[in-house]
Amino acid sequence: MINIAIDGPSGAGKSSLAGFIAKELSFVHVDTGALYRAVGYYVVCNKADPSDPESVVPLLDSLKVDVEYDGTKKQHVFINGKEVSEELRTNDVSMAASAASAIPEVREFLLDLQRNIAEKENIIMDGRDVGTVILPNADIKFFLSASPEKRADRRVKEYEAKGIDISYEKVLEDIIQRDKNDSTRKISPLKQAEDAIPVDNSDMTEEETKRFILDIIKEKLL
Ligand code: DC
């Protein structure tokens, strides 16, 4: 099976890039952030503190996260059999996911799910530790980043398109906080794999980024 890894900070455009590549190559796009968001959502629903292992870890016993891919290869996430894909996209869930993802038991809980999908399908998987921990032998690894300001700007536009009212300052502050959480946690921090290709898309359009990455993949694999 062919495995492509894309890691990088929140809001660098990993997900839409991976979705595009998956469509072009007929690969499955595995959005690992959504799995951590599922845990974050479950923690929020149960009114637990996402940064407190003592309140999060016991909840994992009653949590089952599943994914399915439809005919268009879109990922659907289920918590205990109920689809929650849409509920995972809020700012509160992002923050809870970021906090809970620093807990080793949470990462362990999601590890096999991620590896099992990669064994069965040609995939493009995006996340924080795909190239370093989940799929260290991935065929191609990218590390996608952009400045916090550019990422905040893009995220505000996404929220606006969905009718969600949130200020640029708040989004920027949360992005900086999440970068800090994600890259300073002890276990599986956000880090560029040694053999990853770095791509800073601060000054690239989404279209340019997609073409750039697709060309590299085609050159290396096809
Ligand atoms: O990519 P995202 O914003 O949907 O991810 C939500 C959070 O989940 C992110 O702040 C960090 C965590 N995460 C992680 O720790 N490891 C991954 N492979 C993917 C996401």
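The numbers attached to residues start from 1 for each chain and follow its sequence in the written order. Given that this is a predicted model, residues contribute local features only at a pLDDT of at least 70 and side-chain atom pairs are listed and counted only at 80 or more, while totals for whole chains, interfaces and linings are drawn from all residues. Remark: hydrogens and water are excluded; side-chain values derive from all non-hydrogen atoms of the structure.

(A) Spotlight on the environment of S183. Along the chain, the position of S183 falls in helix α8 (residues 168–184). Considering only alpha carbons, one finds S183 and K120, 63 residues apart in sequence, at a separation of 30 Å. If we ignore the near neighbours within four places in the chain, the residues touching S183 are P189 and L190. N or O atoms closer than or at 3.5 Å make up a polar contact, with two conditions inside protein: a donor-capable atom paired with an acceptor-capable one, and, for residues adjacent in sequence, both atoms drawn from side chains. There is a polar contact of 2.5 Å between the side chain of S183 and the backbone oxygen of D179. Secondary structure follows DSSP: runs of H or I at least 4 residues long count as helices, runs of E at least 2 residues long count as strands, and numbering of each begins at the N terminus. Between two residues, a contact is recorded if the distance between any of their heavy atoms is within 4.5 Å.

(B) Looking closely at the site of the ligand. Taken together, the neighbourhood of the ligand is formed by 14 residues, with R37, R107, R128, R178 and R185 sitting nearest. In the model, a nitrogen atom of the ligand is placed 3.0 Å from a nitrogen or oxygen of the T32 side chain. Within the contact set of the ligand, an oxygen atom lies 3.2 Å away from a side-chain nitrogen or oxygen of D182. Coverage of the ligand by the protein amounts to 97% of the 450 Å² it exposes when considered alone. Counted by class, the shell around the ligand contains two nonpolar, five polar and seven charged residues. By convention in these notes, a residue is near a molecule or strand provided one of its non-hydrogen atoms lies within 4 Å of it. Values of accessible area rely on a 1.4 Å probe in the Shrake-Rupley scheme; residue burial ignores everything except the protein chains shown. Any residue that is not Ala, Val, Leu, Ile, Met, Phe, Trp, Tyr, Cys, Pro, Asp, Glu, Lys or Arg is counted as polar, Gly included; the first ten are nonpolar and the last four charged.

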